[in-house]
Amino acid sequence: LAATINNVILCLHGGVGGSLNHVEQLRRLQRPLRMDPDDPHASVLLDCLWSDPTEHDSIEGVHPNTERGDPVVRYGPDRVRSFLRLNGLKLLVRGHECVMDGFQRFAGGALLTLFSATNYCGVCENAGALLIIGKELECIPKLIYPVAELEDAWLRSDQFRPATPPR
């Protein structure tokens, strides 16, 4: 669901939305997880998995996410900064959203969207990215570029697919 790196970076799928204020809220979620609207923690789970940042840093607050539909929300850079400050964190890293360059900074660099699937759904023609985090917690995105029809390239070659090694 989420992970911290050296207690300064939080990685999650969606974001903080309007209800996630403390990392402890994630720890308190009852396992196994179920999206039950009657559960008092359902909004935290929903935000963690499905919320997105607003379109740009100038849009603050929490707003309906018209692209994904109700009850999913978009959250502004003020929510990111507040969450980081309250939890003693320095960076949020999230996925969940196709970004054309494989990664995208938000909230003045306090949030990083990282999307590793190149050419998403075979139509987006986007690059992907992965994140290298160094010993001093420096973050370096590495781009992955789409390769046309890579998945079945071995079928079209004159060579046979290598045999599966014996166990």
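This text goes with the structure placed above it.
Residues numbered from 1 in each chain as written. Predicted model: local features only at pLDDT ≥ 70, side-chain atom pairs only at ≥ 80, totals over all residues. Heavy atoms only, no water.

J.: Looking at this structure, how should I read the overall build of the protein chain?
T.: Helix and strand counts for the protein chain stand at four helices and 10 strands. Scanning the protein chain from its N terminus toward the C terminus, one meets helices and strands in the order β-β-α-α-β-β-β-α-β-β-β-β-β-α. Buried positions account for 37% of the 167 residues belonging to the protein chain. Put simply, 48% of the contacts in the protein chain that link residues at least 6 apart link residues at least 24 apart. (Helix = DSSP H or I, 4+ residues; strand = E, 2+ residues; numbered from the N terminus. Buried < 20%, exposed > 50% of the residue type's maximum accessible area, 1.4 Å probe, protein only. Contact = heavy atoms within 4.5 Å.)

J.: Can you help me understand the sheet that holds strand β5 (residues 73-75) in this one?
T.: By way of backbone hydrogen bonds, the strands of a sheet pair with one another, either parallel or antiparallel. Spatial ordering of the open sheet is given by β3-β5-β4, a layout of three strands whose pairing is mixed. Two strands bound the open sheet, and with one partner strand each, they are β3 (52-53) and β4 (62-64). By the bridge criterion, three bridges tie β4 to β5 in an arrangement that is antiparallel. Note that in β5 the partner of H63 across the bridge is R74. (Pairing = 2+ DSSP bridges.)

J.: Even after reading the chapter, I still don't get the packing of aromatic side chains, so can you show me in this structure?
T.: Aromatic ring pairs are reported here in terms of the distance separating the ring centres and the angle at which the planes meet. Going through the model one piece at a time under the given rule, you end up with one aromatic pair. Taking 5.1 Å as the distance between ring centres and 85 degrees as the angle between the ring planes, the aromatic pair formed by F115 and Y120 counts as edge-to-face. F115 gets classed as buried once you look at its relative accessible area, which sits at 10%. (Phe/Tyr/Trp six-rings, centres within 6.5 Å; stacked < 30°, edge-to-face > 60°.)

J.: Any chance you could explain the environment of D101 here in plain terms?
T.: The topology assignment puts D101 in the loop between β6 (91-94) and β7 (103-106). Overall, D101 belongs to the exposed group, its relative accessible area being 52%. Sequence spacing of D101 and L143 is 42 residues, and the spatial spacing of their C-alpha atoms is 7.7 Å.

J.: Where do I start with the sheet that holds strand β8 (residues 111-114) in this structure?
T.: Ordered by their spatial adjacency, five strands build an open sheet running β1-β2-β6-β8-β7, and the pairing between neighbours is mixed. At either end of the open sheet lies a strand with only one pairing partner, and these are β1 (2-5) and β7. The sheet shows a mean angle of 20 degrees between the axes of neighbouring strands, taken without regard to direction. Of the strand pairs in this sheet, β7 and β8 are connected by four bridges, and their pairing is antiparallel. Of the residues in β8, the one forming a bridge with F106 is L111. Packed on one face of the sheet, helix α3 (residues 77-87) meets β2 (9-12), β6, β7 and β8 and runs near 120 degrees to β6. (Axes fitted to C-alpha atoms, helices over the stretch in contact; angles between N-to-C directions.)

J.: Whenever I open this one, the side chain of S51 confuses me. Can you help?
T.: Topologically, S51 is positioned in the loop between α2 (42-50) and β3. Of the polar contacts made by the side chain of S51, one reaches the backbone oxygen of D47; its length is 2.6 Å. In contact with S51, other than residues within four places in its own chain, are G14, G15, V16, G17, L46, V72, V73, Y75, R94 and H96. (Polar contact = N/O pair within 3.5 Å; in protein donor to acceptor, adjacent residues only side chain to side chain.)

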